Protein chains: 2
Amino acid sequence: MIKPGPDNDVHANSGYSADTTKAIYGFSQVHVSGTGGGAKYGNVSVMPISGNFESVKQESFRDDEKVQLGYYAVRLKKWNIKTEITTSDRATFYKFKYSSEGKNAVKIDLGRYLDETDIKNGRETQQFVGSEVEVVSDTEVRGYTKVRGGWNNGSAYTVYFAAVFDQPFGSFSTWKQQTFFPNQATQVDDGSKTGAMLFFNHLKNKSLNMKIGISFISSLKAKQNINNEIPDWQFDKVLTETQQKWDKILQRVEVDKDASPEKKMMLYTALYHTMLMPVDRTGENPLWENDGPYYDDFYAIWDTYRSSSPLITLLDPKRQVAIINALIDIYKHDGYMPDARSGNCNGRTQGGSNAEIVIADAFVKGLKGINYKEALNAMLKDAMYPPGGNEEKEGRGGLVDYNRLGYVSTDYVRSGNRTVEYSYDDYCLAMVAKGIKRKGEYWRFIKQSDNWQNLWRDIENNGSRGFIMPKDAHGKWVDSILCNVNNGRINYLKYTPLSQDWPNCVCWWCGIFYEASSWEYSLSIPHDVATLIKKSGGNEAFLKRLNTFFDNGYYNVGNEPSFLSPDLYHWIGRPDLSNERIHQIIDANYSSKRDGIPGNDDSGAMSSWLAFHMMGLYPNAGQSYYLINAPYFKETTLHLPDGKDFTIKAKNLSDKNKYIKAVTLNGKPYEKAWIEHSDIIAGGTLVIEMGRTPSETWGKNQLPPSKPDDNKI
Amino acid sequence: MIKPGPDNDVHANSGYSADTTKAIYGFSQVHVSGTGGGAKYGNVSVMPISGNFESVKQESFRDDEKVQLGYYAVRLKKWNIKTEITTSDRATFYKFKYSSEGKNAVKIDLGRYLDETDIKNGRETQQFVGSEVEVVSDTEVRGYTKVRGGWNNGSAYTVYFAAVFDQPFGSFSTWKQQTFFPNQATQVDDGSKTGAMLFFNHLKNKSLNMKIGISFISSLKAKQNINNEIPDWQFDKVLTETQQKWDKILQRVEVDKDASPEKKMMLYTALYHTMLMPVDRTGENPLWENDGPYYDDFYAIWDTYRSSSPLITLLDPKRQVAIINALIDIYKHDGYMPDARSGNCNGRTQGGSNAEIVIADAFVKGLKGINYKEALNAMLKDAMYPPGGNEEKEGRGGLVDYNRLGYVSTDYVRSGNRTVEYSYDDYCLAMVAKGIKRKGEYWRFIKQSDNWQNLWRDIENNGSRGFIMPKDAHGKWVDSILCNVNNGRINYLKYTPLSQDWPNCVCWWCGIFYEASSWEYSLSIPHDVATLIKKSGGNEAFLKRLNTFFDNGYYNVGNEPSFLSPDLYHWIGRPDLSNERIHQIIDANYSSKRDGIPGNDDSGAMSSWLAFHMMGLYPNAGQSYYLINAPYFKETTLHLPDGKDFTIKAKNLSDKNKYIKAVTLNGKPYEKAWIEHSDIIAGGTLVIEMGRTPSETWGKNQLPPSKPDDNKI
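Reading guide: rules and limits
- Residues numbered from 1 in each chain as written.
- Chains lettered and ligands numbered in written order.
- Predicted model: local features only at pLDDT ≥ 70, side-chain atom pairs only at ≥ 80, totals over all residues.
- Heavy atoms only, no water.
- UniProt positions renumbered as here; feature names shortened; annotations may be inferred.
- Helix = DSSP H or I, 4+ residues; strand = E, 2+ residues; numbered from the N terminus.
- Pairing = 2+ DSSP bridges.
- Axes fitted to C-alpha atoms, helices over the stretch in contact; angles between N-to-C directions.
- Contact = heavy atoms within 4.5 Å.
- Disulfide = S-S within 2.5 Å.
- Salt bridge = Lys/Arg side-chain N within 4 Å of Asp/Glu carboxyl O.
- Buried < 20%, exposed > 50% of the residue type's maximum accessible area, 1.4 Å probe, protein only.
- Least-squares fit on C-alpha atoms with pLDDT ≥ 70 in both.
- Phe/Tyr/Trp six-rings, centres within 6.5 Å; stacked < 30°, edge-to-face > 60°.
- Lys NZ or Arg CZ within 6 Å of the ring centre and 35° of its normal.
- Domains from an automatic or database assignment.
- Buried area = accessible area lost by both parts, 1.4 Å probe.

- Within an unreviewed UniProt entry, the label attached to chain A reads Alpha-1 2-mannosidase, and the organism entered is Prolixibacter bellariivorans.
- According to UniProt, the comment filed for chain A under the heading Cofactor (unreviewed entry) is "Ca(2+)".
- Its UniProt record, at the heading Subunit (unreviewed entry), says of chain A: "Monomer."

Listed below in structure tokens is the structure:
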């Protein structure tokens with residue numbers, strides 16, 4: 001819940017830029033991980049300083065940066081102060097080493113946060129609401145900061161804090177706006193930016209330790225969080241405990257000892273990134289009774305449903321059960337499950353109501369401890385009740401069209417990807433309905449899951465036929481779109497499967513397809529690839545289509561709509577071609593370096609996509625199986641939560657032996673290029689024999705599942 | 001903002017029952033005034049006690065109750081403790097007189113609130129979320145209580161408090177749930193009910209004074225509210241200041257010295273009640289920047305737009321400007337203006353989005369200091385964007401139908417009154433659009449203001465023709481409604497203009513007409529009474545219709561839909577009959593006694609209806625004029641805020657001289673039975689000559705305004 005870190009770029013999502021020419025202005029306690037768009041959080045900014053205390057603003061360049069799991073260290077060059085940070089779940093330990101015993105201070109700034117702007121109610125920016133500070137004793141300060149907005153344009157959230165020191169400060173000053181009030185213990189919230197400066201003039205060994213706890217409930221609870229989690233002053237103990245906690249999770253995937261450090265670092269960094277979001281805030285929900293699990297910072301499920309959720313389900317199903325119960329609880333109290341949520345507020349949807357997929361994924365994989373009847377109600381709310389207002393906070397925008405016409409018309413923004421995504425959401429809803437014997441809902445929504453076909457237009461583009469294309473509310477295909485006014489004339493542009501209307505013709509959120517083209521979304525029919533292939537002209541045409549997609553650069557490695565696309569060759573019996581594409585993609589775009597992910601991580605989406613594919617598996621989220629691909633490790637063992645092991649051996653794996661020749665499961669020949677979740681959690685060994693050329697038979701006869709023609713319940 | 005009072009009935013809206021057999025269990029700090037439905041608030045409950053402190057629960061019967069403006073006193077019989085209360089805006093002064101010097105205590109209970117229930121998420125009930133208490137010193141306690149739900153099913157609100165005493169307590173105990181923790185200064189919020197018991201064993205003169213401040217921002221701000229408003233310990237001074245503040249408002253209406261105390265008490269009590277809601281919480285908005293006026297407890301505008309808002313506009317236009325700016329600010333930050341709002345959360349709509357009427361009322365009466373362009377945007381949001389979810393929080397439910405079909409079909413609940421109310425809301429929107437030269441919006445919405453006619457069905461009932469009746473989405477009239485299942489058979493009932501489908505056939509909120517029949521709503525076309533009369537068959541038929549309405553008891557004195565109905569005779573040139581009805585209604589239903597209002601006051605709605613009619617005026621809210629009726633006072637002077645006076649003289653008024661014979665305005669004959677707002681605020685004298693028989697000519701020729709046929713801008 002607490003995610004401390006240095007802030008040196010107010011417009012960076014993490015507050016941090018690797019660029020050392022940008023000065024650090026503080027270490028704040030709350031961040032999200034791997035996100036894009038406008039920033040959120042960056043609250044309760046602390047800073048050790050020396051010397052001149054005349055200004056609220058204090059910043060320094062840095063060197064000697066050191067980063068480990070659970071640990072960050074830096075030297076602030078301006079004052080020559082070494083700062084080390086480690087953390088527990090809800091409290092952080094700061095260790096400061098100053099360059100002298102006197103004239104030192106710690107600044108606690110409640111007026112800082114990321115993506116500050118002068119634009120009133122600016123979209124995707126954070127807006128200051130208020131703050132309060134109270135110097136409680138000569139070793140303790142409490143207070144809060146309240147901010148609204150940010151990426152999800154959410155309502156106000158409050159971060160309460162308590163800070164305690166291992167030795168008393170000699171004096172202090174609080175401030176409001178830019179004015180200091182020496183020895184005034186409180187600044188009451190009147191909507192101003194406040195903070196406290198704590199002066200230490202006789203530090204033992206020039207050293208000072210500080211613990212900060214945060215809470216979303218109260219500052220007393222923030223204090224309690226310190227006491228519960230970091231009762232004493234042993235920095236190394238806290239660091240060790242944190243690393244041990246992480247080890248417990250990361251060690252659930254064990255790879256062979258010979259694996260290269262580079263590949264191991266890629267895998268474990270990816271696992272770590274995946275587990276950072278959403279954030280466990282159980283007991284810290286300020287909105288309703290804290291009698292169940294509570295998670296925040298779904299950012300966004302649109303990004304994470306494809307690979308993050310399935311990876312958590314595989315490695316830490318207990319956590320996934322808690323996350324889903326939190327989603328249902330949010331529906332029960334806020335009216336809708338989020339597609340995205342941050343700062344205790346739903347928002348925003350980009351396309352579908354993809355919690356449906358997360359729930360179906362859990363259901364078909366047999367996760368216990370979820371009330372699937374309540375989950376179905378939550379999904380039905382999405383599918384049946386328009387969310388209102390500007391229809392971007394939650395639920396399904398354009399639902400009136402979708403339920404009346406069978407597609408979202410161009411009367412609504414993002415009509416193309418909304419239709420495609422709702423179709424799959426409906427399929428997932430139908431699967432849960434079927435499973436719990438709700439026939440009425442099953443029949444309605446399995447039928448609706450074909451709705452993507454209502455926007456399938458039989459046109460040709462770059463040698464391929466058939467694309468998801470825009471249609472107006474009268475059922476007419478839309479051939480051209482309004483795009484700007486030039487020289488006094490309204491300008492129309494022809495709309496093609498490669499058109500990208502945003503952000504040039506319309507706003508980023510206002511195009512036909514969100515963050516991708518029709519080429520990409522027209523391959524994104526995860527429940528019915530068989531029909532997609534048929535409508536595309538059959539296997540040969542689809543093979544050509546996929547090749548065109550990758551070879552012409554229509555594929556976007558840095559975004560989610562194409563996550564499954566390199567695996568689609570499986571459905572035409574060519575898993576060898578999936579393998580080739582996947583390894584090309586990984587080798588060209590991923591590494592263990594600082595920029596080892598293509599673009600931002602989207603809350604672990606990229607990382608989990610990588611982790612799965614490195615292990616030789618890839619899920620089709622919402623469905624019960626994993627596609628089998630060539631792994632990056634000779635041996636990967638999943639230590640499953642119930643004590644069983646599932647081992648994936650890549651026999652004869654080498655740079656040259658990169659094709660799958662044959663597979664056995666628990667010693668028996670295994671002809672399918674996919675494996676059921678139930679086979680994995682039963683424990684066992686999957687031996688993948690690698691060779692220089694593809695197998696003639698493996699994966700060719702039994703193709704991965706698609707929506708069956710008969711929809712019997 | 002603070003409204004302290006005794007609580008002896010957890011299901012009473014005020015927490016208070018006149019029934020002395022119900023024991024007082026505490027004095028809580030927040031209440032609403034004159035509301036119905038499920039209760040809200042009743043937070044931070046305090047109680048002076050003596051003797052046995054073993055239980056959290058402490059209650060006593062009462063006597064010696066005394067109530068004055070700004071003052072309440074009672075003797076708690078169990079311990080013989082006299083409690084006196086007076087208050088400033090945001091802090092309350094409690095004066096306790098115990099029966100002995102020792103073994104006394106004050107209990108501060110953060111686990112009490114009105115309409116507590118065991119039903120999880122029970123509709124219209126309050127649900128406990130959390131609380132916290134901190135004994136800060138031996139004279140000060142701070143903390144908060146957090147509750148959600150209540151009448152508007154709102155999200156969580158937090159009432160912070162600080163309590164200070166004029167002498168130190170000797171010891172204390174805090175509690176969590178039912179367990180006491182002696183000398184433990186804090187109970188941190190873990191979702192439990194908490195509180196503090198403060199023990200006083202050596203009270204000077206057996207007396208103890210306590211001040212409590214509240215805040216919706218923080219407990220330090222609650223403390224600041226005490227310091228700002230009640231800096232010392234002089235009870236009488238606080239009481240005097242409060243009464244003086246009220247006098248300043250109430251004295252804006254001055255009646256002749258000979259007026260009977262009974263009538264004066266009725267008038268001034270009514271004015272007082274009107275001014276209690278909505279509540280000024282400027283500077284106390286926890287949700288966004290406090291840089292403008294903020295009002296809460298609109299409860300509901302559906303109740304108050306007809307007479308409360310116009311009365312505030314007339315007597316305290318500055319307050320009305322602040323209220324409307326708060327409404328616009330709520331739209332800007334929460335997405336919609338409220339029709340009802342409480343605990344910082346919009347909810348619920350009963351019919352229309354009636355903020356449109358409040359804004360139009362201000363606009364046509366020339367209120368300055370409102371950005372009417374922004375106001376128009378707020379109204380357009382209501383009129384164009386469905387609010388989503390269950391469509392009861394804000395905006396217009398069934399809007400998809402209304403904008404597609406021109407009426408709300410029976411696919412939606414409350415289809416009848418929603419259609420009628422949206423038509424008038426649209427008229428009001430159109431009037432503002434017209435005034436600020438927004439022709440496009442004017443033309444659309446002035447046309448839509450005829451939409452009530454789409455549900456006008458030419459049927460006969462009890463001798464009258466033409467009623468607003470339900471229609472389905474295919475345009476067919478609905479003749480019967482589903483009503484329960486009896487003996488295994490589904491039961492249909494014929495639907496007539498007198499049918500009341502709620503709550504027997506359907507839920508309270510689920511009928512065709514909310515809280516009234518078609519007979520009532522079919523008379524509620526305030527913008528176009530002329531067309532209503534025409535469609536009803538002309539003047540004679542309408543006269544007969546009105547007489548049937550009142551004589552057969554179809555009129556409901558205790559609810560708002562019929563507020564204008566007794567004045568409708570004005571539109572057929574018979575103001576004498578309006579007078580007769582109004583005086584009959586007042587004399588039979590209103591008095592200065594405890595039960596002197598028919599039913600609950602609906603946040604001052606009943607009171608303001610009474611006050612206007614006693615002064616001889618009644619507004620048609622949203623329009624610029626007042627209907628003239630026979631006053632209850634020989635002379636009523638409105639001391640207008642800009643220093644001008646407007647006097648209404650009822651010459652020869654007596655029990656027998658109850659008809660208006662003739663009228664002059666500033667000495668000139670005045671033939672109209674209505675007067676423009678601009679004529680009143682210009683100052684002057686309206687002389688109404690009273691007699692034993694009605695005038696032959698007055699009010700007969702120039703009828704009050706109706707929507708003009710040509711809609712020129």
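Thoughts on unusual backbone geometry
Alright, step 1. Between Y299 of chain A and A300 of chain A the backbone carries a cis peptide bond, its omega angle lying at 0 degrees.
Alright, step 2. Cis geometry is adopted by the peptide bond preceding R348 of chain B, which originates at G347 of chain B and carries an omega value of -5 degrees.
Alright, step 3. Secondary-structure assignment places R348 of chain B in the loop between β21 (345-346) and α7 (355-364).
Alright, step 4. Positive phi is not limited to glycine here, since Q177 of chain A has a value of about 50 degrees.
Alright, step 5. Note that Q177 of chain A resides in the loop between β12 (171-176) and β13 (179-182).

Some words on the sheet that holds strand β27 (residues 625-628) of chain B
Residues and elements named next belong to chain B.
Alright, step 1. In space, the three strands of this open sheet follow the order β26-β27-β32, with antiparallel pairing throughout. Because the sheet does not close on itself, it has two edges, and the strands there are β26 (617-619) and β32 (674-676). Between one strand axis and the next, the sheet turns by 35 degrees as a mean value, whatever way the strands run.
Alright, step 2. With three bridges joining them, β27 and β32 adopt antiparallel strand pairing. What sits directly across from Y626, in β32, is I675.
Alright, step 3. The sheet contacts of helix α16 (residues 605-615) involve β26 and β27, and relative to β26 the element is tilted by about 135 degrees.

What about the UniProt feature "domain: Glycosyl hydrolase family 92 N-terminal" (unreviewed entry) in chain A?
Alright, step 1. Per the UniProt record, "domain: Glycosyl hydrolase family 92 N-terminal" (unreviewed entry) is annotated on residues 1-215 of chain A.
Alright, step 2. End-to-end, the C-alpha atoms of residues 1-215 of chain A are 9 Å apart, and along that stretch the chain is 0% helix and 50% strand.

Some words on the state of the cysteines
All names here are of chain A.
Alright, step 1. Per the stated rule, a full pass over the model turns up four disulfides over all chains.
Alright, step 2. Here C483 pairs with C505 through a disulfide, and the sulfurs are 1.8 Å apart. Judged by the sign of its S-S torsion, about -85 degrees, the bond between C483 and C505 is left-handed. One end of the pair, C483, is in strand β24 (residues 480-486); the other, C505, is in the loop between β25 (489-494) and α12 (518-521), with 22 residues separating them in the sequence.

Considering the pattern of salt bridges
Alright, step 1. Per the counting criterion, the structure on display carries 70 salt bridges over all chains.
Alright, step 2. Note that K95 of chain A and E84 of chain A form a salt bridge whose closest N and O atoms lie 3.9 Å from each other. On the criterion of sequence distance, the pair formed by K95 of chain A in strand β7 (residues 91-97) and E84 of chain A in strand β6 (residues 81-87) is long-range, its members being eleven residues apart.
Alright, step 3. With relative accessibility at 29%, the residue K95 of chain A sits in the partly exposed group.
Alright, step 4. A residue is classified by how much of its surface remains accessible, and E84 of chain A, at 13% relative accessible area, is buried.
Alright, step 5. R75 of chain B is paired through a salt bridge with D64 of chain B; the nearest N and O atoms lie 3.4 Å apart. Here the residue R75 of chain B occupies a position in strand β5 (residues 71-76), and D64 of chain B occupies one in strand β4 (residues 62-68), the gap between them amounting to eleven residues.
Alright, step 6. Judged by relative accessible area, which is 23%, R75 of chain B ranks as partly exposed.
Alright, step 7. Through salt bridges with shared partners, a single ionic network connects K120 and R148 of chain A together with E289 and D291 of chain B.

Description of the relation of the copies chain B and chain A
Alright, step 1. Each copy of the sequence occupies a distinct position, and chain B is placed on chain A by a rotation of 180 degrees and an axial shift of 0.0 Å, giving an RMSD of 0.0 Å. Such a combination of turn and shift is consistent with a two-fold rotation axis. For chain B, the minimum C-alpha distance to the rotation axis belongs to G388 of chain B and amounts to 1.7 Å.
Alright, step 2. Comparing contact sets, 100% of the residues at the interface of chain B also lie at the interface in chain A, consistent with an isologous, same-surface contact.

Notes on the environment of Y521 of chain B
All names here are of chain B.
Alright, step 1. Take Y521: it is sitting in helix α12 (residues 518-521).
Alright, step 2. Residues Y521 and P497 lie 24 residues apart in sequence; the distance between their C-alpha atoms is 9.5 Å.
Alright, step 3. Residues contacting Y521, with those up to four places away along its chain left out, are W302, N417, V420, E421, I468, F513, Y514, A516 and P561.

Points about the packing of aromatic side chains
Alright, step 1. Applying the stated criterion to the full structure yields 78 aromatic pairs over all chains.
Alright, step 2. Relative to F200 of chain B, the ring of F169 of chain B lies with its centre 5.9 Å away and its plane at 90 degrees, an arrangement referred to as edge-to-face. Separated by 31 residues along the polypeptide, F169 of chain B in the loop between β11 (154-165) and β12 (171-176) and F200 of chain B in strand β15 (residues 194-200) bring together distant segments of the chain. Comparing F169 of chain B with F200 of chain B shows no difference in burial state: the two are buried.
Alright, step 3. Grouped by ring-pair contacts, the aromatic residues F467, W519, F549, F550, Y554, Y555 and Y569 of chain A constitute a single cluster.
Alright, step 4. The ring of Y336 of chain B has K381 of chain B sitting right over it, with the charged end atom 4.4 Å from the ring centre.

Structural notes on the domain arrangement of chain A
Residues and elements named next belong to chain A.
Alright, step 1. Split into domains, chain A comes out as domain 1 (5-248) and domain 2 (253-625).
Alright, step 2. Taken over C-alpha atoms, the centre of domain 1 sits 36 Å from the centre of domain 2.
Alright, step 3. Residue-level contacts link 30 residues of domain 1 with 33 residues of domain 2.
Alright, step 4. When the area that domain 1 buries against domain 2 is broken down by residue, the three leading residues are W151, F216 and W246, summing to 26%.

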